Amino acid sequence: MTLNGLFVPLVTPFTASGGVAADALERLARRLLADGATGLVALGTTGEPGSLTDAEKEAVVGVAARVCRENGAPLLVGADSAGALHRLGGRPEVAAALAVVPPFVRPGEAGVLAHFSRLAALSPVPLVVYDIPYRTGQHLSVGTLRGLAAIPGVAGLKSATGGIGADIVELLADPPAGFSVLGGDDPYISPLLALGAHGGILAAALVDTAGFARLVPAWRDGDAAAARALGHRLAPLSLRLFAEPNPTVIKGVLHARGEIPTPDVRLPLLPAAPESVAAALSAAG
């Protein structure tokens, strides 16, 4: 299985009383697919999963799964433990689980390989490894990335390393067969696609879904002029959407547009400053 295209991580909208706004989540999910997203991601970082109860997580996945099933779209779900992976069994719309490199403990690259070998062996769905060293504290070399690609049941990589480093450049110069490389640093997605990435998991696409949806095939099909122009427009938007911790500015923009009932986030996050939201709205046009 190769995952290609634009996958958009859902925010979790909250009502004025603090609960999950399931109706707004469903409308947002349907709009993203209508605007050109290939698939959706539930319970990614953008969805604030650490602040959700188990019941709320189940509700979010249920909404996303139903919308993806009705639209024939793949769903990725954030899941890092045996229990979370087990709960994805029996959901045919779930194409893969997004599993982060173990954070904080810095297990070493051999430990990372052992960890994902174990998870893949017990998971009912393929895994996409989420490599985000500025959150995990664990660097992965190109050798380890190739080792991950060789594990049965590991379908791909979300690369969010804070830029485009030598390891991902070397991987894309000779990509493993059947292994998807998806960009996860929104401001750098255009050059990463130019290097051969298969697509992206991009929170900024919540705001300009159609633009990011055009960017992926433009690079894939060799339309460099159109891709470069799109990339030049979308990179500044991405920078403004991440001017404060994700997803605070994005939620502010979606609320200003009337797509979600509040811009609220849950602690330890705080709502974005009005000037940050205004700058992002201006960049979005």
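For the structure itself, consult the block above.
All figures in this text were calculated on a predicted structure; none of them were measured in a lab.

What exactly am I supposed to notice about the pattern of salt bridges here?
Any two side chains of opposite charge can pair, on the condition that their charged atoms come close. In total, this model carries 11 salt bridges according to the counting rule given. Notably, a salt bridge pairs Lys251 with Glu48, separated by 2.7 Å at the nearest N-O pair. One end of the pair, Lys251, is in helix H11 (residues 248-256); the other, Glu48, is in the loop between strand S2 (39-42) and helix H2 (54-71), with 203 residues separating them in the sequence. Residues Lys251 and Glu48 agree in their burial class; the two are buried. Arg69 serves as the salt-bridge partner of Glu93, at 3.1 Å between the closest nitrogen and oxygen. A residue pair is termed long-range when its members are at least 10 positions apart, and Glu93 in the loop between helix H3 (82-86) and strand S4 (94-100) and Arg69 in helix H2 qualify at 24 residues. Looking at Glu93, the relative accessible area reads 9%, which means it is buried.

I tried to follow the nonpolar core on my own but got confused; where do I start?
Within soluble globular proteins, side chains that are nonpolar generally end up buried alongside one another. Within the largest apolar cluster, 83 residues are counted, with the highest numbers of intra-cluster contacts made by Leu40, Leu75, Phe116, Phe212, Leu215 and Leu241. Sort the elements by how many residues they give to this core and H2 lands first, with seven residues. Residues within four places of Leu215 in sequence aside, it is in contact with Ile189, Ser190, Leu193, Ala227, Leu230, Gly231 and Leu234. If you look at the next biggest cluster of nonpolar residues, it comprises 14 residues, including Leu3, Ala96, Ile132 and Leu182.

How should I be thinking about the sheet that holds strand S8 (residues 199-201) in this particular structure?
Backbone-to-backbone hydrogen bonds join strands into a sheet, with any given pair of strands oriented parallel or antiparallel. Pairing is parallel around the closed barrel formed by eight strands, whose spatial order is S1-S2-S3-S4-S5-S6-S7-S8. Strand-to-strand twist in this sheet, taken as the mean axis angle between neighbours without regard to direction, amounts to 25 degrees. As paired elements, strand S7 (residues 180-183) and S8 share two bridges and run parallel to each other. Considered in S8, the bridge of Gly183 is made with Gly200.

I'm lost on unusual backbone geometry in this one. Help?
In most cases, non-glycine residues show a negative phi, while peptide bonds are predominantly trans. The peptide bond linking Asn246 to Pro247 adopts the cis configuration, its omega dihedral lying at 5 degrees. Positive phi is not limited to glycine here, since Leu43 has a value of about 65 degrees. Considering the arrangement of structural elements, one finds Leu43 in the loop between S2 and H2. Since its relative accessible area comes to 12%, Leu43 is described here as buried. Of note, Arg106 is a non-glycine position whose phi angle comes to about 50 degrees, a positive value.

Conventions and cut-offs
Residues numbered from 1 in each chain as written. Predicted model: local features only at pLDDT ≥ 70, side-chain atom pairs only at ≥ 80, totals over all residues. Heavy atoms only, no water. Salt bridge = Lys/Arg side-chain N within 4 Å of Asp/Glu carboxyl O. Helix = DSSP H or I, 4+ residues; strand = E, 2+ residues; numbered from the N terminus. Buried < 20%, exposed > 50% of the residue type's maximum accessible area, 1.4 Å probe, protein only. Core = buried A, V, L, I, M, F, W, Y, C linked by side-chain atoms within 4.5 Å. Contact = heavy atoms within 4.5 Å. Pairing = 2+ DSSP bridges. Axes fitted to C-alpha atoms, helices over the stretch in contact; angles between N-to-C directions.

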